[in-house]
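Examining the three-dimensional arrangement
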Amino acid sequence: PTAAPTPLGGLLIGLFGPVITVFANAISFLLSALGIRAIGGREATPPVRVNALRAGDLLDGWRYILGHPRLRPLFVNTLFVNGLIMATAPLLAVLMLGRLGFAPWQYGLAFGLPCVGGLIGSRLCRPLVARFGRDRVFRISGMLRACWSFGTAFVGAGYGGLVLILLVQVGLVTCAGVFTPLSATYRLEQSGSDHVARVLSAWSVSSNTSIAVLTALWGVLASVVGPRPAVAAAGLLLFATPLLLLSVRIGPTSPAPFPSSTTPAAPSPADDAR
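Residues numbered from 1 in each chain as written. Predicted model: local features only at pLDDT ≥ 70, side-chain atom pairs only at ≥ 80, totals over all residues. Heavy atoms only, no water.

**A word on the pattern of salt bridges**
Rules: Salt-bridge detection follows one rule: a side-chain nitrogen of Lys or Arg within 4 Å of a carboxyl oxygen of Asp or Glu. Numbered from the N terminus, helices here are DSSP runs of H or I no shorter than four residues, and strands are runs of E no shorter than two. Whether a residue is buried, partly exposed or exposed follows from its accessible area with a 1.4 Å probe, protein chains only, as a fraction of its type maximum: under 20%, in between, or over 50%, in that order.
In the structure shown here, the tally under the stated rule is four salt bridges. For Arg198, the salt bridge identified is with Asp60, shortest N-O distance 2.7 Å. With Arg198 in helix H10 (residues 196-225) and Asp60 in helix H3 (residues 55-66), this residue pair connects regions lying 138 residues apart in the sequence. Assessed through its relative accessible area of 7%, Arg198 is described here as buried. Between Arg139 and Asp135 there is a salt bridge, with its nearest N and O atoms 2.9 Å apart. Linking Arg139 with Asp135, this pair stays in helix H8 (residues 134-144), spanning four residues, or about one helical turn. The structure contains a network of salt bridges with shared partners spanning Asp60, Arg63 and Arg198.

The following block contains the structure:
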C-alpha cells in the first residue's frame, strides 16, 4: 500500500500541483466515508469489558519492559533507530525538493519504490533463519539496518543523487524487513501471556513519542547547522545503536519470559483474540 501511492502522489503533484492533488486526496477520503455510510444497518453495542486496558496498564508495561534484561536493550535500540531514521525524513524533503531541485515525482519514487524491499526482506527472513540460525540473522540484520542512513547525507542533484537515495533506502528497508519479524516474535515470546497487551501498548506509545521528539530536535539542529549536517549527525548516531543488541540472545528457541513482580492481571482483549 505504501510503494505505489507515494510515487504516484509525486507524479500527480508534478502534473497538477500540490493544491489540486491534496484536494483530490481529501475528496477520496470523503467518498470512502460516504461508501461506508451507505452500507447501512446498525451494529449492536458491544458489552463493557471489565478487563479492558487501563491507563495504569501502560505504566505496568513500561515497568515490565525496563525491568526485563532481554527486552530493555531491544526496546531502547528500537526507539533510537526508528526515531533517528524518521527524524531525517523532513530534512531530506527540504534538501531534495528545495536546494537540490528534485521534482516531486522523483522524491516520491525515491521513498516509495524502496518499500518493495520490506516485502523482499520479510520473504528472505525464513530461509535465512533456516540456514544461519535465528540469533545470527537477528543480530546481523539489526546491525545492518542502522548502517544505511548516513549515506543520505551525500545525496547530490540529478539522477546520480536519485540513484543513491534509491540504493540506500532499498538496503535500509530490506534489512528492516528481515529484522522486524524476528524482533516482533521475540518481543511476544518474552512478554508472557499476562503482559502482551500492556507491553505492546507501552512499546507503541514509546516508539511514536521518540519519533516525534527526535524529529522536533533534528528540526532545531537543522536550523542551526543546516539539513545536510543534521542528516549526517543522525547517521553517525545510528552507527552506535547496534551496541544495544549485543546483550540480546534470542537463540533457536526463546527462553522463558521474564517473571513479573506485579500480580498477574485478568486476561486482556489481546489474549481473547489469540
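Once the structure has been displayed, the description carries forward.
**Regarding the packing of aromatic side chains**
To be explicit about the condition: For Phe, Tyr and Trp, where Trp contributes only its six-membered ring, two rings pair if their centres lie within 6.5 Å, and the inter-plane angle classes them as stacked under 30 degrees, edge-to-face over 60, or tilted in between. The criterion is that NZ of a Lys, or CZ of an Arg, lies within 6 Å of the ring centre and within 35 degrees of the ring normal, and then a charge sits over that ring.
Using the criterion set out here, one finds six aromatic pairs in the structure. Between the aromatic rings of Phe75 and Trp203, the centroid separation amounts to 5.1 Å while the plane-to-plane angle is 75 degrees, which identifies the pairing as edge-to-face. Here the residue Phe75 occupies a position in helix H4 (residues 71-87), and Trp203 occupies one in helix H10, the gap between them amounting to 128 residues. We note Arg145 situated over the ring of Phe179; from NZ or CZ to the ring centre the distance is 4.0 Å.

**Some points on the confidence of the model for the protein chain**
Note the following rule: Along the chain, pLDDT gives the predictor's confidence residue by residue, from 0 to 100. Pairs of residues are marked as contacts when any of their non-hydrogen atoms sit within 4.5 Å.
Confidence along the protein chain averages 83 in pLDDT terms, with 80% of residues attaining 70 or more. Looking at the elements of the protein chain, mean pLDDT is at its lowest for helix H12 (residues 269-273), recorded as 40, and at its highest for helix H11 (residues 227-238), recorded as 95. Within the model, pLDDT remains below 50 along residues 261-274, and this stretch shows 18 contacts once partners closer than five positions in the same chain are excluded.

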